[in-house]
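Structural overview for review
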Amino acid sequence: MAFSGCTAGILCHHWYQILDKVITGRTFDMVIKKLLLDQFICSPVIILSFFATVAIFEENPLNNFTEEVRGKFWKLYKAEWVVWPPAQIINFYFLPTKYRVVYDNTISLGYDIYTSHVKHSKTNKKEKVESKLQ
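Residues numbered from 1 in each chain as written. Predicted model: local features only at pLDDT ≥ 70, side-chain atom pairs only at ≥ 80, totals over all residues. Heavy atoms only, no water.

Per an unreviewed UniProt entry, the protein chain goes by Mpv17 protein 2 and derives from Danaus plexippus plexippus. As its UniProt record puts it under Subcellular location (unreviewed entry), the protein chain is described as follows: "Membrane". (UniProt positions renumbered as here; feature names shortened; annotations may be inferred.)

In structure tokens:
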């Protein structure tokens, strides 16, 4: 989890710098654009990097990564849409770029408990069947 968190921190640091160069300003429209880009581009990348960095330390990393993504990606992505939009509105509207990763890490303290729970939970048979159909 620590390795995964470091990876996410580095990705977010650079992502926020890119967002602030591409979308300047703190108007409501700019914040919403950043939020949508964050949710549609960065969130899936962070989820995939989470499963990848954790799989590195497990037996059969490629198989574990593939199974985890198939069985648990959508559950985490849906949770991202609940937790992060309100947090990111505060982040993008009020905070300077240099404080954004620290703020994210504060929110992540709670969110990572859920992420770890999803990671270490067994995928039930119904979810396995549904993921194979997709």
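From this point, the discussion proceeds with the structure in view.
1. Describing the UniProt feature "transmembrane region" (unreviewed entry) in the protein chain
Sequence positions flagged by UniProt for "transmembrane region" (unreviewed entry) are, in local numbering, residues 35–57. Helix and strand shares over residues 35–57 are 91% and 0% respectively, and the end C-alpha atoms of the span are 32 Å apart. (Helix = DSSP H or I, 4+ residues; strand = E, 2+ residues; numbered from the N terminus.)

2. Some details on the nonpolar core
A general trend in soluble globular proteins is that nonpolar side chains are found buried together. Core analysis: the largest hydrophobic core is formed by 13 residues, its most contacted members being I47, F50, F51, L76 and Y111. Those elements that place two or more of their residues in this core are α2 (28–55), α3 (61–94) and α4 (97–120). Ranked by the residues each element gives to this core, the list is headed by α3, at six residues. Among the nonpolar cores identified, the runner-up in size contains 10 residues, and A8, L19, V31 and V101 belong to it. (Core = buried A, V, L, I, M, F, W, Y, C linked by side-chain atoms within 4.5 Å. Buried < 20%, exposed > 50% of the residue type's maximum accessible area, 1.4 Å probe, protein only.)

3. Considerations on unusual backbone geometry
Glycine aside, the phi torsion of most residues is negative, and most peptide linkages are trans. We note that N60 has phi near 50°; this positive angle belongs to a residue other than glycine. Mapped onto the secondary structure, N60 falls in the loop between α2 and α3.

4. Side note on the environment of L11
Residue placement: L11 occurs in helix α1 (residues 2–22). Considering only alpha carbons, one finds L11 and Y111, 100 residues apart in sequence, at a separation of 17 Å. Setting aside residues up to four positions removed in sequence, L11 forms contacts with V45, I46 and S49. (Contact = heavy atoms within 4.5 Å.)

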